[in-house]
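# Per-entry structural report
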Amino acid sequence: MTTLAAIPDSNLLPYIPGYAIVEQLYAGSQTIVYRAVQESSQRPVVIKLLQQDYPTFSELLQFRNQYTITKNLNIPGIAHPYSLEAYGNSYALVMEDFGGISLRDYTQNYSLSLREIFRNCPTNCRYSP
């Protein structure tokens, strides 16, 4: 089975039952991330998928662990996961969509000073002017 998300340079979006995919947010070597709407509640969500059609046991375990760890975190700026759902031979990690944009997209439209970068770092970053 080849998911549409795995086709390079494809404008086609994957079909995930119960969700209307709006746009692709990110595609990396391991994962691909989409903005979507949960059809039953009309709630905006972000869905993270593994790139591989047949991920290894280790990749599946790591993806599940990511869900397990983050569902118990309550840290501002970290998307809260709603569910981990079966998707083909893998999982779909469904998370809250708080309307954020990637740093790459942001810096294409705005420049950031070093001070701004550190001010907007996650809380575990330290900066002393």
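To be clear, the structure that these remarks concern was listed above.
Residues numbered from 1 in each chain as written. Predicted model: local features only at pLDDT ≥ 70, side-chain atom pairs only at ≥ 80, totals over all residues. Heavy atoms only, no water.

The subject of this paragraph is the pairing of strand S5 (residues 90-96). Among the seven residues that make up S5, five are buried, leaving the element largely enclosed by the rest of the structure. Relative to S5, strand S3 (residues 43-50) runs antiparallel, the two being bridged by five bridges. Note that in S5 the partner of Ile47 across the bridge is Val94. Across six bridges, the pairing between strand S4 (residues 81-87) and S5 is antiparallel. The residue bridging Glu85 from the neighbouring strand is Ala92, located in S5. Taking the residues between adjacent antiparallel strands as the criterion, S4 and S5 are bridged by two residues, where Gly88 takes a positive phi near 60°. (Buried < 20%, exposed > 50% of the residue type's maximum accessible area, 1.4 Å probe, protein only. Helix = DSSP H or I, 4+ residues; strand = E, 2+ residues; numbered from the N terminus. Pairing = 2+ DSSP bridges.)

Another aspect to go through is the pattern of salt bridges. When their charged atoms lie close together, side chains carrying opposite charge are able to pair. Tallying each qualifying case throughout the model produces two salt bridges. Among the salt bridges present, the one from Arg35 reaches Glu23, with a minimum N-O distance of 3.0 Å. Highlighted residues: Arg35 in strand S2 (residues 31-38) and Glu23 in strand S1 (residues 19-27), separated in sequence by 12 residues. Given the relative accessible area of 15%, Arg35 is considered buried. Judged by relative accessible area, Glu23 falls into the partly exposed class, the value being 33%. Linking Arg35 and Asp97 is a salt bridge whose minimum nitrogen-to-oxygen distance equals 2.7 Å. Taken together, the positions of Arg35 in strand S2 and Asp97 in the loop between S5 and helix H2 (103-109) put the pair 62 residues apart, joining distant regions of the chain. You'll find Arg35 and Asp97 in the same group, each marked buried. One continuous salt-bridge network, built from bridges that share partners, spans Glu23, Arg35 and Asp97. (Salt bridge = Lys/Arg side-chain N within 4 Å of Asp/Glu carboxyl O.)

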